[in-house]
Each structure stands twice: as structure tokens, then as C-alpha cells.
Amino acid sequence: EKKLFKDKNFIILTEKEIQLLELFSATNTPLSKEKILLQVWKYSSDADTHTVETHIYRLRKKMNDSFGDENFILNNKQGYYI
């Protein structure tokens, strides 16, 4: 079990959430859904899934609910980034 702390608040992270955060932290540019699928889930880029969107939604919700951070994971035309 991994926890992310800010002041006295914390969230519990799943393994995939940890992998997402590590991937975002290692990159200074937005990551496409396809790149995230390949790096975190080892899916091919043509896989039809909402896995990335679902995990990012849940992670954003945790961050907002516990830390009040509404802008934790952002996205633009190029992809997702922190």
C-alpha cells in the first residue's frame, strides 16, 4: 500500500496510479493515451479501451477530494501531463 501525503491529508494509491505518476514525473511533455496504454498497461496503441480515462478520472477525484487540487492532471491535444 502506497500513500501520497500533503500536510495531514493522504490518499492511498493503487499500483496503476503509482505507475501513472511515475510515468508523468519522468516526462516533461504531454503523453498520449496510446503511449500511456503501452507504457503502463502494455496494450497495443490500437486497443479500444477507456482504461486510461477511467484511471485518470479516479486519480483526479482522489486529489481533489483530499487535497483540493482541481488541476492535478491536465490534458490538451497532445495528451495528459502534470
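Residues numbered from 1 in each chain as written. Predicted model: local features only at pLDDT ≥ 70, side-chain atom pairs only at ≥ 80, totals over all residues. Heavy atoms only, no water.

Undergrad: Teacher, can you tell me more about the packing of helix 1 (residues 15-25) against helix 3 (residues 51-67) here?
TA: The description of two packed helices rests on the angle between their axes and on the distance between the axes. Between helix 1 and helix 3, the shortest axis-to-axis distance is 11 Å and the interhelical angle comes to 90 degrees. On the basis of the axis angle, helix 1 is roughly perpendicular to helix 3. Contacts from Lys16, Glu17, Leu20, Leu21 and Phe24 of helix 1 reach helix 3 at His55, Ile56, Arg58, Leu59 and Lys62. Among the residues forming the contact of helix 1 with helix 3, the class breakdown is five nonpolar, one polar and four charged. (Axes fitted to C-alpha atoms, helices over the stretch in contact; angles between N-to-C directions. Helix = DSSP H or I, 4+ residues; strand = E, 2+ residues; numbered from the N terminus. Parallel < 35°, antiparallel > 145°, perpendicular 65-115°, else oblique. Contact = heavy atoms within 4.5 Å. Nonpolar A, V, L, I, M, F, W, Y, C, P; charged D, E, K, R; others polar.)

Undergrad: Is there a simple way to explain the nonpolar core in this structure?
TA: A general trend in soluble globular proteins is that nonpolar side chains are found buried together. With 20 residues, the main nonpolar core has Phe24 and Ile36 as its most contacted residues. Broken down by secondary-structure element, the contributors of at least two residues to this core are strand 2 (9-13), helix 1, helix 2 (33-41) and helix 3. Each residue touching Phe24, except ones within four places of it in the same chain, is listed here: Leu31, Ile36, Ile56, Ile73, Tyr80, Tyr81 and Ile82. (Core = buried A, V, L, I, M, F, W, Y, C linked by side-chain atoms within 4.5 Å. Buried < 20%, exposed > 50% of the residue type's maximum accessible area, 1.4 Å probe, protein only.)

Undergrad: Can you help me understand the packing of aromatic side chains in this one?
TA: For any two aromatic rings, the description comes down to two numbers: the centre-to-centre distance and the angle of the planes. Per the stated rule, a full pass over the model turns up one aromatic pair. Relative to Phe10, the ring of Phe5 has its centre 5.4 Å away and its plane inclined at 40 degrees; by these criteria the two rings are tilted. You can call Phe10 partly exposed: its relative accessible area is 37%. The cationic tip of Lys3 hangs over the ring face of Phe10; the distance from NZ or CZ to the ring centre is 4.6 Å. (Phe/Tyr/Trp six-rings, centres within 6.5 Å; stacked < 30°, edge-to-face > 60°. Lys NZ or Arg CZ within 6 Å of the ring centre and 35° of its normal.)

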